Number of protein chains: 2
Amino acid sequence: MSQPTVSRALRDDPRVSAETKRRVRDAANLLGYVPSDAGRALSSGRTRRIGLLLTDLSNHFYSHIISPIHRELESQGYQLMLHAEDADTELVAERLIGNGLDGVILATTTVDSVVPLRLRDRRLPFIYFNRTASVVDADATVVSATRGFEEAVRRAADLGHRRIGAVLGPENTSTAASREVALRAALAGHGLALVPELVRRGPFDTAAGDAATTSLLSLAEPPTAIFCGNDVIAYGTLNAARRLGVEVPGDLSVIGFDGLPAAGWEIIDLSTIAYDLAEMAAEAARLIVHRVENQDAPLVRTEFDTRFVQRHTLAAPR
Amino acid sequence: MSQPTVSRALRDDPRVSAETKRRVRDAANLLGYVPSDAGRALSSGRTRRIGLLLTDLSNHFYSHIISPIHRELESQGYQLMLHAEDADTELVAERLIGNGLDGVILATTTVDSVVPLRLRDRRLPFIYFNRTASVVDADATVVSATRGFEEAVRRAADLGHRRIGAVLGPENTSTAASREVALRAALAGHGLALVPELVRRGPFDTAAGDAATTSLLSLAEPPTAIFCGNDVIAYGTLNAARRLGVEVPGDLSVIGFDGLPAAGWEIIDLSTIAYDLAEMAAEAARLIVHRVENQDAPLVRTEFDTRFVQRHTLAAPR
């Protein structure tokens, strides 16, 4: 018997014959069917549950996207199910598929992740939030780093910075790659370049920013300004500078990326490249609902523009 | 037919007769039974999924408990399903009940919440993490604030602080209440007291700490030290002091609670009352699994002890 027929029979739909309804009801009774969510999932194939896959929940970035996604999903009659995992492995893909979700928002995709492949193979709708993987196309909400870096680099160049350092994110993320491209292009526009000696790479976390900055500041000629892959890395850069007695912004200017709320705190006051993160999260919720309800609709990629936010940590070098 | 019988029949258990197996299989086939998670939930009544209810995910505190809970549950063969909600309402209780969870960790309970009542009525096992509600008893992992406040107050008193302020958490949380009791008892031990003029209350967030501190610092005789309901409130206290040009710790000492990782950053360097938050989160995972698997076991309440961590923000008053 087809799923729609079973579903209609359980709903007492007049299109289903009395005999079929009786058989379905008997089967349901025999199996101890209760009108639970699991039962609805079995009978209708829909749960109105959207998964959000995160592999790095201790990163403060993700704390700020969950509420906007949740609120937007709720307003459309969907529930948010957070899947906190350590990595996006085969096992994680199987869990997403087995959990009766209508769709998934992938927020921590790496370019080499198997999850998009598995979800596509099993026809579970998904979208990319922030990070994308080129191996499978899907709807996406992404950040365009270009304008933010142009504004930030222009300001740094105008202030006289020439020796520019960078602490970039992991090479297997699309976000680290696109920010590096935008930073290099903006620097080139002012006759500047990132020399390999002044570039460090690592995870998007505070410890990575701290370690990379400690290394950069130990050079005979350290950079006068460091562009950080995100704000969370920049917090680590500020920690290392404070510990080493390097004055910010006198001895070292620091520029972040994301514009997280804490970057605006008086005790941090980080110059950063910002965009509307809450709106981007809400848009991700809208995209996945649209995809779940219109599986053949054309792909949508929503780009959020960036702007430079001048705060305490960028000033003229001594 | 009983759930265990259906479950055994679907597993082809030899204790089930061939006739029963045939009937169950026919019913499952008719309903389009697939060996999915939803199917397993229907047939066995168990999903090996544990819910974690959080109503304030933008609070950095919660970022730090999710990974330890997830890791411990995974090691015991359970999955973590995060339920991010805005408040713990009837609707939220219904969702938890409808989502086929084996058990729930309640992490943001208020003393007036209906969720514990509803879960008890529907026999869905749950435990309290950090915050408890006295209306329904359940296993709990909690913090004992006494020793931490004794150590912190002794240090503040030894340094010469007499005019003590406090920015406490919401009155409808057990954590705010127990910290206030511990703070007042510790102060009394040194002949000190919290005078009403120097006490503020509000949500456990940075904005609340900022507003309360701005108010306290506008008094004709402001406090020389402020005890904060948690570290996140204390960040707001530090922000307000910085904005108002009040020097920490020279003009104002600040003491937090929780010992979050960011409190130890060089750029924050907050004196705080700490405990093993990651271990407390892991213990919560162990308690809920034990409860799910032993519904009649006696109640367990695990208390985590606190200690004072001296950092930059506590020193002698001018």
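Computed from a predicted structure; not experimentally measured. Every chain is numbered on its own, with residues counted from 1 as its sequence reads. The naming scheme follows written order: chains are lettered A onward, ligands numbered 1 onward. Two thresholds apply to this predicted model, a pLDDT of at least 70 for residue-level local features and 80 or more for giving and counting side-chain atom pairs, whereas whole-chain, interface and lining totals are computed over all residues. Computation of side-chain values covers all heavy atoms of the structure but excludes hydrogens and water.

Enquirer: How would you explain the side chain of His64 of chain B if you had to name every residue and give the values?
Expert: Structurally, His64 of chain B can be placed in helix 4 (residues 60-75). Each residue gets one of three labels from its accessible area relative to the maximum for its type: buried under 20%, exposed over 50%, partly exposed in between, using a 1.4 Å probe on protein chains only. Residue classification places His64 of chain B among the buried residues on the basis of a relative accessible area of 17%. Between two residues, a contact is recorded if the distance between any of their heavy atoms is within 4.5 Å. Residue contacts for His64 of chain B: discarding those within four places in its chain leaves Ser58 and His60 of chain A together with Leu260, Pro261 and Leu277 of chain B. Comment: elements are numbered from the N terminus, with helices defined as DSSP H or I runs of at least four residues and strands as E runs of at least two.

Enquirer: Provide a residue-level description of the pattern of salt bridges, including the pertinent values.
Expert: Residue and element names in this part refer to chain A. Every case where a carboxyl oxygen of Asp or Glu lies within 4 Å of a side-chain nitrogen of Lys or Arg is listed as a salt bridge. In this structure the tally under the stated criterion is 42 salt bridges over all chains. The salt bridge partner of Asp305 is Arg147, with a shortest N-O separation of 2.9 Å. Of this pair, Asp305 sits in strand 11 (residues 301-305) while Arg147 sits in helix 7 (residues 146-158), placing them 158 residues apart in sequence. Owing to a relative accessible area of 37%, Asp305 belongs among the partly exposed residues under this scheme. Across the pair Glu180 and Arg201 runs a salt bridge, and its minimum N-O distance is 2.7 Å. Of the two residues, Glu180 is situated in helix 8 (residues 174-188) and Arg201 in strand 7 (residues 199-201); the sequence distance between them amounts to 21 residues. On the basis of relative accessibility, which here comes to 15%, the residue Glu180 falls in the buried class. Residue Arg201 is classed as partly exposed on the basis of its relative accessible area of 39%.

Enquirer: Please give an account of the confidence of the model for chain A that cites residues and values.
Expert: Residues at a pLDDT of 70 or more form 90% of chain A, whose mean pLDDT is 90. For every residue, the pLDDT score states the predictor's confidence, bounded by 0 at the bottom and 100 at the top. Segment residues 32-41 of chain A: pLDDT under 50, and 22 contacts once partners within four positions in sequence are set aside and those in other chains are kept.

Enquirer: Can you break down unusual backbone geometry residue by residue, with the values?
Expert: Across the junction of Val248 of chain A and Pro249 of chain A, the peptide omega takes the value 10 degrees, indicating a cis bond. By secondary structure assignment, the location of Pro249 of chain A is in the loop between helix 10 (231-243) and strand 9 (253-258). One non-glycine residue with positive phi stands out, namely Asp258 of chain A, at about 125 degrees. Residues other than glycine seldom take positive phi values, yet Asn130 of chain B does so here, at roughly 70 degrees. Residue position: Asn130 of chain B is located in the loop between strand 4 (126-129) and strand 5 (139-144).

Enquirer: Kindly report on the sheet that holds strand 6 (residues 164-168) of chain A, identifying the contributing residues and their values.
Expert: Residue and element names in this part refer to chain A. Taking strand neighbours across the sheet as the criterion, the six strands line up as 7-6-8-9-10-12 in an open arrangement whose pairing is mixed. Since the sheet does not close on itself, it has two edges, and those belong to strand 7 and strand 12 (307-309), each with one partner. Averaged over neighbouring strand pairs, the angle between their axes works out to 20 degrees when direction is ignored. Strands qualify as paired when DSSP identifies two bridges or more between them. As paired elements, strand 10 (residues 271-274) and strand 12 share three bridges and run antiparallel to each other. Of the residues in strand 12, the one forming a bridge with Thr272 is Val309. Packing against the sheet, helix 10 makes contact with strand 6, strand 8 (225-228), strand 9 and strand 10, and its axis sits at approximately 160 degrees to strand 9. The convention used is that axes are lines fitted to C-alpha atoms, helices contributing only their stretch in contact, and that angles between N-to-C directions extend from 0 to 180 degrees.

Enquirer: Give me the sheet that holds strand 9 (residues 253-258) of chain B: which residues, what numbers.
Expert: Residue and element names in this part refer to chain B. Spatially, 7-6-8-9-10-12 is the arrangement adopted by the six strands of the open sheet, whose pairing is mixed. Each end of this open sheet is capped by a strand with a single partner; those strands are strand 7 (199-201) and strand 12 (307-309). The mean inter-strand angle of the sheet, taken between neighbouring strand axes irrespective of direction, is 20 degrees. In this structure, strand 6 (residues 164-168) lies alongside strand 8 (residues 225-228), joined through four bridges in parallel fashion. Paired with Ile164 across the strands is Ala225, a residue of strand 8.

Enquirer: An account of the side chain of Thr175 of chain B is requested, with residue identities and associated values reported.
Expert: All names here are of chain B. Structurally, the position occupied by Thr175 is in helix 8 (residues 174-188). Of the residues examined, Thr175 reaches a relative accessible area of 5% and is grouped as buried. Contacts of Thr175, omitting those with residues within four sequence positions, involve Asn130, Arg131 and Phe204.

Enquirer: Can you lay out the nonpolar core for me, pointing to particular residues and giving the numbers?
Expert: The biggest cluster of nonpolar side chains holds 158 residues, and the ones touching the most others in it are Ile65, Ile66 and Phe129 of chain A together with Ile65, Ile66 and Phe129 of chain B. Setting aside residues up to four positions removed in sequence, Ile65 of chain A forms contacts with Leu54, Ala107, Phe129, Leu277 and Ala281 of chain A. Nonpolar cores were defined as sets of buried Ala, Val, Leu, Ile, Met, Phe, Trp, Tyr and Cys residues, with membership established by side-chain atoms within 4.5 Å. If you look at the next biggest cluster of nonpolar residues, it comprises 38 residues, including Val104 and Val115 of chain A together with Val115 and Ala140 of chain B.

Enquirer: Break down the environment of Val254 of chain B for me, with residues and values.
Expert: The topology assignment puts Val254 of chain B in strand 9. With residues up to four places along the chain from it excluded, the contact list for Val254 of chain B reads Ile226, Cys228, Ala234, Thr237, Leu238, Val248, Leu270, Ser271 and Thr313 of chain B.

Enquirer: I'd like to hear about the packing of aromatic side chains, residue by residue, with values.
Expert: Ring pairs are drawn from Phe, Tyr and Trp, using the six-membered ring of Trp, whenever the two centres fall within 6.5 Å, and their geometry is named by plane angle: stacked under 30 degrees, edge-to-face over 60, tilted for the rest. On inspection of all chains with the given rule, the structure shows 12 aromatic pairs over all chains. Both rings, one in Phe61 of chain B and one in Tyr62 of chain B, keep their centres 5.0 Å apart while their planes meet at 90 degrees; by these two values the pair is edge-to-face. Given a relative accessible area of 4%, Phe61 of chain B falls into the buried group. Taking relative accessible area as the criterion, Tyr62 of chain B reaches 3% and is therefore assigned buried. Aromatic side chains Phe149 of chain B and Phe257 of chain B sit 5.6 Å apart centroid to centroid with 20 degrees between the ring planes, which places their arrangement in the stacked category. With Phe149 of chain B in helix 7 (residues 146-159) and Phe257 of chain B in strand 9, this residue pair connects regions lying 108 residues apart in the sequence. Like Phe149 of chain B, the residue Phe257 of chain B is buried in the burial classification. Cluster of aromatic residues (ring-pair linked, three or more members): Phe149, Phe227, Phe257 and Tyr275 of chain A.

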